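Spelled out, the chains give:
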Amino acid sequence: MKTRMNDPKIQRDTKPNTRLTALWSAACVLAIGAMAWSTPASARKLYVISSNPTYSSIAKRVGGNLIRVTYITKGDQDPHFVRPKPSFAVQLSKADAFVVTGLDLELWAPRLTDKSMNRSIRQGQNGYIAVYSGMKLMEIPTSRSRASGGVHMFGNPHVYTGPMNAKIIAKNIAIGLCKVSPANCAAFKKGYRRFKYQINRRMFGKKLIKLLGAGTLTRLTVAGKLIPFLQKRKYRGKPMVDMLGGWAKKALPLWGQKLVTYHKNWIYFTKTFGLNVIQEVEPKPAIPPSPQSIRRLINTMSRQKIKVILAANFYDESKVRKVCKRVGAQSVIVAFSVHGKRGINSYFQLTNHWISNLLAAYRRAGAFK
Ligand SMILES: [Zn+2]
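In this numbering scheme, every chain counts its residues from 1 along its sequence in written order. Only residues with pLDDT of 70 or above have their local features reported here, since the model is predicted, and side-chain atom pairs are shown and tallied only from 80 upward, although totals for entire chains, interfaces and linings are computed over all residues.

Caption draft 1: Highlighting the nonpolar core. Judged by nonpolar contacts, the single largest core of 95 residues is most densely connected at Ile 173 and Ile 309. In DSSP terms, a helix is any run of H or I states spanning at least four residues, a strand is any run of E spanning at least two, and both are numbered starting from the N terminus. Ranked by residues supplied to this core, first place goes to helix α6 (residues 163–180) with eight residues. Residues lining this core come from more than one domain, with at least three contributed by each of domain 1 (8–197) and domain 2 (245–364). A pair of residues counts as a contact when their C-beta atoms, built from backbone coordinates, are separated by no more than 7 Å. With sequence-adjacent residues up to four places away left out, Ile 309 is seen in contact with Val 260, Val 281, Val 320, Val 323, Cys 324, Ala 329, Ser 331 and Val 332. The nonpolar core criterion groups buried Ala, Val, Leu, Ile, Met, Phe, Trp, Tyr and Cys residues into a set whenever they are joined through C-beta atoms within 7 Å. Working definition of burial: number of other C-beta atoms within 10 Å of the residue's own, with buried at 20 or more, exposed at 12 or fewer, and partly exposed in between, all C-beta atoms being placed from the backbone. Domain start and stop positions are those given by an automatic or database domain assignment.

Caption draft 2: Local environment of the environment of Arg 303. If you trace the backbone, Arg 303 turns up in helix α13 (residues 291–304). Owing to 10 C-beta atoms within 10 Å, Arg 303 belongs among the exposed residues under this scheme.

Caption draft 3: Representation of the pairing of strand β1 (residues 46–50) in the model. Along β1, five of the five residues are buried, which leaves the element largely enclosed by surrounding structure. In β1, alternate side chains face the same way, and those of Leu 46, Val 48 and Ser 50 on one face and Tyr 47 and Ile 49 on the other are all buried. Paired strands are those between which DSSP finds at least two bridges. Two elements, β1 and strand β2 (residues 67–71), share five bridges in a ladder whose sense is parallel. Paired with Leu 46 across the two strands is Ile 67, which belongs to β2. Pairing between β1 and strand β3 (residues 97–100): three bridges, direction parallel. Bridging across to β3, Val 48 finds its partner in Ala 97.

Caption draft 4: Spatial organisation of the sheet that holds β2. The strand order across the open sheet formed by four strands is β2-β1-β3-β4, and the pairing between neighbours is parallel. Two strands lie at the open edges of the sheet, namely β2 and β4 (128–130), each paired on one side alone. Between one strand axis and the next, the sheet turns by 25° as a mean value, whatever way the strands run. Both β3 and β4 contribute to a ladder of three bridges, which runs parallel. In the sheet register, Val 100 faces β4, and the bridge partner there is Ala 130. Between N-to-C directions, angles span 0 to 180 degrees; the directions come from axes that are lines fitted to C-alpha atoms, helices contributing only their stretch in contact.

Caption draft 5: Spatial organisation of the pairing of strand β8 (residues 276–280). Where strand β7 (residues 258–261) lies against β8, four bridges are found, and the strand directions are parallel. In the sheet register, Lys 258 faces β8, and the bridge partner there is Asn 276. A right-handed crossover is one whose linking path, passing over the helix from the first strand to the second, runs clockwise when the strands point away from the viewer. Since β7 and β8 lie parallel, the crossover through helix α12 (residues 267–273) that links them has a hand, and here it is right-handed.

Caption draft 6: Quick peek at helix α14 (residues 317–327). Within α14, burial applies to Val 320, Val 323 and Cys 324. Mapping the buried residues of α14 onto a view down its axis gives an arc of 100°, with all of them on the same face. For α14, the exposed residues lying more than 90 degrees away from the buried face are Ser 318 and Lys 325. Buried residues along α14 sit against α13, β9 (308–312) and β10 (330–334). Backbone geometry just downstream of α14 places Gly 328 in the positive-phi region, at approximately 70°. As used here, the arc belongs to the directions running from the helix axis to the C-beta atoms.

Caption draft 7: Here's a closer look at unusual backbone geometry. Positive phi, normally seen in glycine, also occurs at Ala 286, with a value near 70°. Mapped onto the fold, Ala 286 is located in the loop between β8 and α13. Its identity as a non-glycine residue notwithstanding, Lys 305 has a phi of 55°, on the positive side. Position of Lys 305 among the secondary structure elements: in the loop between α13 and β9.

Caption draft 8: Summary view of the packing of α13 against α14. At a minimum axis distance of 10 Å, the contact between α13 and α14 shows a crossing angle of 40°. By the angle between their directions, the pair α13 and α14 is classed as oblique. In this structure, the crossing between α13 and α14 has a hand that is right-handed. On the side of α13, the interface is formed by Ile 294, Leu 297, Ile 298, Met 301 and Ser 302, while α14 contributes Val 323, Arg 326 and Val 327. In this count, Pro and Cys sit with the nonpolar residues alongside Ala, Val, Leu, Ile, Met, Phe, Trp and Tyr, while Asp, Glu, Lys and Arg are called charged and the others, Gly among them, polar. Partitioning the contact of α13 with α14 into residue classes produces six nonpolar, one polar and one charged. Any angle between 65 and 115 degrees counts as roughly perpendicular, while under 35 counts as roughly parallel, over 145 as roughly antiparallel, and the rest as oblique. Each helix crossing is assigned a hand: it is left-handed if the near helix lies turned anticlockwise from the far helix by less than a right angle, otherwise right-handed if that turn is clockwise.

Caption draft 9: Examining the sheet that holds β8 more closely. Across the sheet, which stays open at both edges, the four strands sit in the order β8-β7-β9-β10 with parallel pairing between neighbours. This sheet does not close on itself; its edge strands, each paired only once, are β8 and β10. Averaged over neighbouring strand pairs, the angle between their axes works out to 30° when direction is ignored. One ladder, built from two bridges, connects β7 with β9; its direction is parallel.

Caption draft 10: Layout of the confidence of the model for the chain. Per-residue confidence from the predictor is reported as pLDDT, a score between 0 and 100. Looking at the chain as a whole, the pLDDT averages 89, with 87% of positions reaching at least 70. Contacts for the low-pLDDT stretch residues 1–24, under 50 throughout, to residues beyond four places or in other chains number 20 contacts. Note that residues 26–37 has pLDDT below 50 and, in this model, 18 contacts with residues that lie over four places away or in other chains.

Spelled out as structure tokens, the structure:
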């Protein structure tokens, strides 16, 4: 059973059971022991822990052989809800850096860092790396109330679904690692630049980058205007959109397609590739659908002829398939993170996985005829 750390009942519980207290005490002793034996950061591999495997995979691209990485949430787990196992605190006690989103995706994180007794990875310290810094956040609520579901209070925290954000994640990781180990900063910056180059090439293709520059293409993508911009312009008599390469070219048939998603966790992806999210299966983020909300969803999907539901593989697949069956739509159940499924071992594979599965579903639904 999952522990919902944002559940007020759990947060108010100040009397943990005796066994858990004993485990935490053991964790603290181990933590203090680990700190006593620590050596200077530049003289050994940095130990970097991320809240999820996607951040770890990007961190490895930045830090290469200078770091070893691990993560708390598994790739096929809901990143919002994590059972705060004492072993996580023990791991964090030895960490040189802790990579998190920095919004309210990981409400469980502060409790774990407190328990780890590792001051250097607490918020505001050098070893605390918040990847959202410098991003254009979407869906920032006008009032900060948990009445609207309560897990996206500072804006949509599922930032890594947008490939342009992945570059910012890598940059923030490089900046953080530089603070922890200044002696290796040049290598971290190099790792970041290499990753950024690879994302740009995979996103736009070489030709268009040469013509317009990655900076312009990135700004257009973040604004959700890449394809309309390219469709209106010509180069040497040919439409610029014909020069597209990479994911943007592959995903071109998805532009303008209507979509239902299970949770509000795809907004950066859908804005990048021009998909039009009409509704979610959850009535509010992290609130399970009720029979009434499912009925409303079925009505909307039938009325608007929506042919695809996209869901991460840790949600209730049976509900998705049931709705799809009722309205004759296709379900797309995918890994939401690196290591969320066998064969998804990098950020590049993850983005490919999302695009390929969506294309196949719209094709099955007859959307490209
Ligand atoms: Zn969420």
